[in-house]
2 protein chains.
Amino acid sequence: MLNCSLKTSEHLPMHLPLDRTSTTPLVQQLTDHLQTWIDQQRLRPGARLPSIRALARSQGVSASCVIEAYDRLVASGWLEARHGTGFFVAERKPGLAVEDAQPWGEAGDGSWRQFREGHDELLKLGCGWLPSSWRAATGLAQAVRQVSRGNPQDLFDYCPPLGLASLRQQLHKRLAQLGIAAGPERILTTYGASHGLDLLVRTLLRPGDTVLVENPGYYNLYNLLRQHQVRMLPVPRTVEGPCLATLEALLAAHKPRCLFINSLYHNPTGTSLTPKVAYRLLELAREHDLRIIEDDIYADFQEGPATRLATLDSEQRVIYMASFSKTLSSSLRVGYLVADPALLARLAELKMVSGIGTSRFAEQVVGQMLANGSYRKSVQRLRVRLGQHMARLLGQLEQAGWQVFCEPYGGMFVWACVPGRDFASLERLALEHDVLLTPGSAFDYQGTASAWLRINVAYGQDSRAQAFLQHAGRPLPI
Amino acid sequence: MLNCSLKTSEHLPMHLPLDRTSTTPLVQQLTDHLQTWIDQQRLRPGARLPSIRALARSQGVSASCVIEAYDRLVASGWLEARHGTGFFVAERKPGLAVEDAQPWGEAGDGSWRQFREGHDELLKLGCGWLPSSWRAATGLAQAVRQVSRGNPQDLFDYCPPLGLASLRQQLHKRLAQLGIAAGPERILTTYGASHGLDLLVRTLLRPGDTVLVENPGYYNLYNLLRQHQVRMLPVPRTVEGPCLATLEALLAAHKPRCLFINSLYHNPTGTSLTPKVAYRLLELAREHDLRIIEDDIYADFQEGPATRLATLDSEQRVIYMASFSKTLSSSLRVGYLVADPALLARLAELKMVSGIGTSRFAEQVVGQMLANGSYRKSVQRLRVRLGQHMARLLGQLEQAGWQVFCEPYGGMFVWACVPGRDFASLERLALEHDVLLTPGSAFDYQGTASAWLRINVAYGQDSRAQAFLQHAGRPLPI
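Rules and cut-offs
- Residues numbered from 1 in each chain as written.
- Chains lettered and ligands numbered in written order.
- Predicted model: local features only at pLDDT ≥ 70, side-chain atom pairs only at ≥ 80, totals over all residues.
- Heavy atoms only, no water.
- UniProt positions renumbered as here; feature names shortened; annotations may be inferred.
- Helix = DSSP H or I, 4+ residues; strand = E, 2+ residues; numbered from the N terminus.
- Rg over C-alpha atoms; globule rule 2.2 N^0.38 Å.
- Buried < 20%, exposed > 50% of the residue type's maximum accessible area, 1.4 Å probe, protein only.
- Contact = heavy atoms within 4.5 Å.
- Lys, Arg positive; Asp, Glu negative; His and termini not counted.
- Charge placed at Lys NZ, Arg CZ, Asp CG, Glu CD.
- Buried area = accessible area lost by both parts, 1.4 Å probe.
- Salt bridge = Lys/Arg side-chain N within 4 Å of Asp/Glu carboxyl O.
- Polar contact = N/O pair within 3.5 Å; in protein donor to acceptor, adjacent residues only side chain to side chain.
- Domains from an automatic or database assignment.
- Nonpolar A, V, L, I, M, F, W, Y, C, P; charged D, E, K, R; others polar.
- Axes fitted to C-alpha atoms, helices over the stretch in contact; angles between N-to-C directions.
- Parallel < 35°, antiparallel > 145°, perpendicular 65-115°, else oblique.
- Pairing = 2+ DSSP bridges.

- The name recorded for chain A in an unreviewed UniProt entry is GntR family transcriptional regulator, from Pseudomonas inefficax.
- Chain A has a UniProt comment under Sequence similarities (unreviewed entry) that states "In the C-terminal section; belongs to the class-I pyridoxal-phosphate-dependent aminotransferase family."

1. Remarks on the overall build of chain A
Then, number 1: Looking only at helices and strands, chain A features 16 helices and 17 strands.
Then, number 2: Over its C-alpha trace chain A gives a radius of gyration of 24 Å, about what one expects of a compact globule, namely 23 Å for 478 residues.
Then, number 3: Dimensions of chain A, computed from the C-alpha atoms along their principal axes, are close to 70 × 55 × 45 Å.
Then, number 4: The buried share among the 478 residues of chain A stands at 65%.
Then, number 5: In chain A, the share of contacts with a sequence separation of at least 24, taken over all contacts with a separation of at least 6, comes to 71%.
Then, number 6: Counting 50 positive and 44 negative side-chain charges, chain A places the averaged centre of each group 4 Å from the other.

2. Some remarks on the interface of chain A and chain B
Then, number 1: Counting residues at the interface gives 84 residues for chain A, matched by 85 residues for chain B.
Then, number 2: Interface area lost by chain A to chain B is led by F156(A), Y158(A) and V353(A), which between them contribute 12%.
Then, number 3: Inspection of the region where chain A meets chain B yields two salt bridges.
Then, number 4: The shortest N-O distance in the salt bridge between D198(A) and R202(B) comes to 2.8 Å.
Then, number 5: Here chain A is connected to chain B by 26 residue pairs in polar contact (both at pLDDT 80 or more).

3. Some details on the domain arrangement of chain A
Residues and elements named next belong to chain A.
Then, number 1: Segmentation of chain A into domains returns domain 1 (2–116), domain 2 (137–373) and domain 3 (377–473).
Then, number 2: For domain 2 versus domain 3, the separation of C-alpha centres amounts to 26 Å.
Then, number 3: If you look at the interface, domain 2 gives 27 residues, while domain 3 gives 21 residues.
Then, number 4: In total, about 2,200 Å² of surface goes out of reach between domain 2 and domain 3, with carbon and sulfur atoms giving 63% of it.
Then, number 5: Between domain 2 and domain 3 we count one salt bridge in total.
Then, number 6: For R383, the salt bridge is made with E303, and the minimal N-O distance between the two is 3.3 Å.
Then, number 7: The interface formed by domain 2 and domain 3 holds ten residue pairs in polar contact (both at pLDDT 80 or more) in total.
Then, number 8: Elements with a minimum of two residues in the side of domain 2 that touches domain 3: β7 (210–215), α8 (219–227) and β8 (231–238).
Then, number 9: Looking at the side of domain 2 that touches domain 3 element by element, the count peaks at four residues for β8.
Then, number 10: Split by residue class, the side of domain 2 that touches domain 3 holds twelve nonpolar, eleven polar and four charged.

4. Some points on the packing of helix α9 (residues 244–254) of chain A against helix α10 (residues 275–287) of chain A
Residues and elements named next belong to chain A.
Then, number 1: Closest axis-to-axis distance for the α9/α10 pair is 11 Å, and the angle between their directions is 5 degrees. Viewed along their axes, α9 and α10 adopt a mutual orientation that is roughly parallel. Contact with α9, carried on its side by L244, L247, E248 and L251, involves V277, R280, L281 and L284 of α10 and no other residues of that element.
Then, number 2: In terms of residue class, the contact of α9 with α10 is built from six nonpolar, no polar and two charged.

5. Describing the sheet that holds strand β15 (residues 413–417) of chain A
All names here are of chain A.
Then, number 1: Spatially, three strands are ordered β14-β15-β17 in an open sheet, and the strand pairing comes out antiparallel. At either end of the open sheet lies a strand with only one pairing partner, and these are β14 (403–404) and β17 (453–456).
Then, number 2: Bridging between β15 and β17 involves four bridges; their strand directions are antiparallel. Its bridge partner being in β17, W415 is matched across the sheet by R454.
Then, number 3: On the sheet, helix α14 (residues 374–400) packs against β14, β15 and β17 and is oriented at approximately 5 degrees with respect to β15.

Here's what the structure looks like:
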């Protein structure tokens, strides 16, 4: 029995008797104790909770444990997360127990941690998006205001099934620049790429089907496939693309329905497909009648030619997907996919049935930015800035003793580790420097623990990141 | 063999040999002929097609047939629909056959007709939304601009899993006014109510499950349940709510998983639940452990008290849903649902997995309009205007010899028919007056033909609607 005392910001000492011999997980014990304190008004409405680091230190638990407990208490309404300032006791008692409210699944794998409110004190070094300060604030705000003054239909009306015609016309031109021949009638807009994946999984796959996924890879794809009870076969991602030997063996043995792949700036490793691997991959796909779903959401981080399966594909075997969430706005939720007409018809039907289409307003905003060139200019700026940050970070990582999976030539991510350090050790150190990591296990298709980290280069030059990266790279004390 | 000749706007006579003895449906023959004409450049790029009415008359086919053919040609890229002016031959040949492109499902039940581009010449008397000119144009445009100048997070960042906290706080207050006790932690935002229904169906039901639906009812719910292979048992909608005798018999015989219901201003009949039926319904639900999904998207068209199941429910048996698509904007896609915490957690997880949440921007816009009172004022204006239009239309329908299912005391819809006239006859007449109807069959759970029409009162005073309604009500020539 451990009995720690801690003063809250109101100087009330907190005694939270955690039992480390109990079968009840520590995070649940901590959550229960905090709820009891609030319920008994020992922590009064409006009181500020200790910082994650402070509570973790005083209770001798991991910061992850505190984060999870606070998140559960926010979810159940006992705590409120206030932007940039921390966690506070809610003004009103929610009248429900915390165990009834865990709005982010039983998995508890930390996947959604970066999306929750209330961790603004921490630098999200592992997150999958660019800082707001990097974004095309003026261009987007202008486009929004322009649409607000334009055709009232865009403010009020439903969107047609395939998406707004003017946006699809712009996308058609953009795709032509990438060497992908797709008329507007072959393009379907979606709420970002994840929505596109959901439509595809629901349309193409049934529970029990087998598919190929890259490993490591996009955790939300894994979540989606698991949710749909689809069996995943992992293909290791090498620096040149998916491991072809494994792929070939799995194709022969399991006849999977499709392969999900990032060609360019793969998430999380930052690797890109080489032309040689791409050609062989398409050959194998033809031989085994494999469908390929190419998720190309990092496309615009690349200037000039790149190796893409949809560009090489002459048989409509590749379903191409992209989005504006990474390069323009994650808030607007605009993405799209390109597929053969028969499949597109089924996807459009499902899109209508499951939500009556996408947002006409958001699509008009993006369409205008594509049409007036402000999108093009803003991604040019992003590319330069990301390139500079990537180069600097790769140098710093090397100097500090980190190991990188590859040296990406662009994009947002570096996949890196420190030989000899596991995730728990890295996370402890990160939180000491107010840095929040995303566990490498989130990028494993089975959630297996990993010492590798996805580092978002856009946050790499922040002083907190710098301190953590320097510190973590030093040899461990013996 | 019928051989009609017709001049296009370029005065080119069109010979479209339709074979009425063929097993090929007329709509497909018409589509094929038009495609051939375009392909052979007998109709040149940019040429305007005849109006729907003109082509229908000259070819001796129904207007529905022409509408469907034009829609297919737009979908496949052979035609372009230009806002308000009609259909034109596309500038660029799409290089795919029309039969490959029908992006709105095989059903062909006309459900999505009102959502497609290109029928702006016609008055959509059967549609499910208010005219743009009725909407809160100033208030919404102002809110949009305010958000564009506010916190950059709202322009750029992802939304938390449950939805934007500030919006959920406003929704909590709004629900309290309706007598529904639901803290923000029990509210999940969605992309409109249809998305909420989709999340619920995916979470609560499995293929083969049985549910109760009101009949007539919301066609997209039927589509969704069919898509999910859920078996529907129809409960006739009476003027007082669902028929309790049928409901009780179905509960006893089939043990359905849940009931989907509109309490207020039911779509399409305009009827509202009486207190007596509501109490008995909840009693039956308790006896048979039935879950109820109350879709209350017309809630704000009612001022003051109304009978709602979620208000009466003390057991969290009712899942409550609503949206801003009808009262504010269908373009922004903002809705929400209220459920017990355990279910809400599963729904939030699915919401993230299937699309990484909703649009933070759109939720901030709606949240601001709720907070600053502009939403409240705009729905007050809508209520008054709808009330006036409803009263006038009901008088006109009676005078013209129409029969109404009930005289709704508010909302958008009247469910009406002309004794002795079937849908085909009504549709023919409607198109002569440039009015597009939604077939009554769309509101039947099996798509059975119906002579009843959903009339959207907001369009009822348009001169085209007036001419049609007057004309249709007259005794048929013997």
